[in-house]
Amino acid sequence: YNGRMLAKLAGRYLLSIQLQLAVLTTCGSVLGLLVLGSANVLDSLGLKEIHDDHKMWFGVGFVTSVALLAIMTCTVIWNVSSRQVLIGIKKSKIIKRLHSMTAEEKAILGRYILDKSRTQALRDSGVVHGLEGAGIIYRTTQESNFDLSDYNIDDWVWEHLHDHLH
């Protein structure tokens, strides 16, 4: 799990969602004007004839735009809130795991605290891979120096360890 990589992906995803929402909002607004606008406003904009000839189609487009906008808004809200729930579940599992560590796991994580560092060069072992699998630490790169690999610890885990030293 690499938080920076997820943030970049989320930024790209949200940008496209924002663009889609902007296009739908613009189309819906224009179509809403054409459907709901008064005769005087439409006439002053030179749209009275187009309005009279295609009112039904503008209405269908307006209703479709509003429906799609509502669906996309609900989808974004659902995705954000479900992502927060999943993050909360993952954090609670990691916290539970932190409170039931073995002596070997405590020794490895203690090095982060003692060295006041969020990165450690660790020997590949079952204990290290167990901490990685639990989401407590993560490998920074696939490269290794002999049998040492660099592992980082997330900020919130590091702070939790500082707050709960034992």
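How each quantity is defined
Residues numbered from 1 in each chain as written. Predicted model: local features only at pLDDT ≥ 70, side-chain atom pairs only at ≥ 80, totals over all residues. Heavy atoms only, no water. Axes fitted to C-alpha atoms, helices over the stretch in contact; angles between N-to-C directions. Helix = DSSP H or I, 4+ residues; strand = E, 2+ residues; numbered from the N terminus. Left-handed = near helix turned anticlockwise from the far one by under 90°. Contact = heavy atoms within 4.5 Å. Nonpolar A, V, L, I, M, F, W, Y, C, P; charged D, E, K, R; others polar. Pairing = 2+ DSSP bridges. Salt bridge = Lys/Arg side-chain N within 4 Å of Asp/Glu carboxyl O. Buried < 20%, exposed > 50% of the residue type's maximum accessible area, 1.4 Å probe, protein only.

For the rest of this paragraph, the subject is the packing of helix α3 (residues 48-98) against helix α6 (residues 155-163). Two elements in contact, α3 and α6, have axes separated by 12 Å at closest approach and are oriented at 35°. Considering only the axes of α3 and α6, their crossing is right-handed. Contacts from K91, I94, I95 and L98 in α3 reach W156, V157, H160 and L161 in α6. Partitioned by chemical class, the residues of the contact of α3 with α6 number six nonpolar, one polar and one charged.

Sheet topology note: the strand β1 (residues 119-123)/strand β3 (residues 148-153) ladder contains five bridges and is antiparallel. Looking at β3, one finds that A121 is bridged to D150. As judged from the three bridges shared by strand β2 (residues 137-139) and β3, these two strands associate in the antiparallel manner. Within the sheet, the bridge partner assigned to R139 lies in β3 and is Y151.

We now examine the pattern of salt bridges. Per the stated rule, a full pass over the model turns up four salt bridges. Here K48 ties to D52 by a salt bridge, and the two come within 3.3 Å at their closest N and O atoms. In this pair, K48 and D52 are both assigned in helix α3, four residues apart and thus about one turn of the helix distant. Note on K48: relative accessible area 29%, which makes it partly exposed. Salt-bridge contacts for R118 lead to D155; the nearest nitrogen and oxygen are separated by 2.7 Å. Of this pair, R118 sits in the loop between α4 (103-114) and β1 while D155 sits in helix α6, placing them 37 residues apart in sequence. The class for D155 is partly exposed, based on a relative accessible area of 45%.

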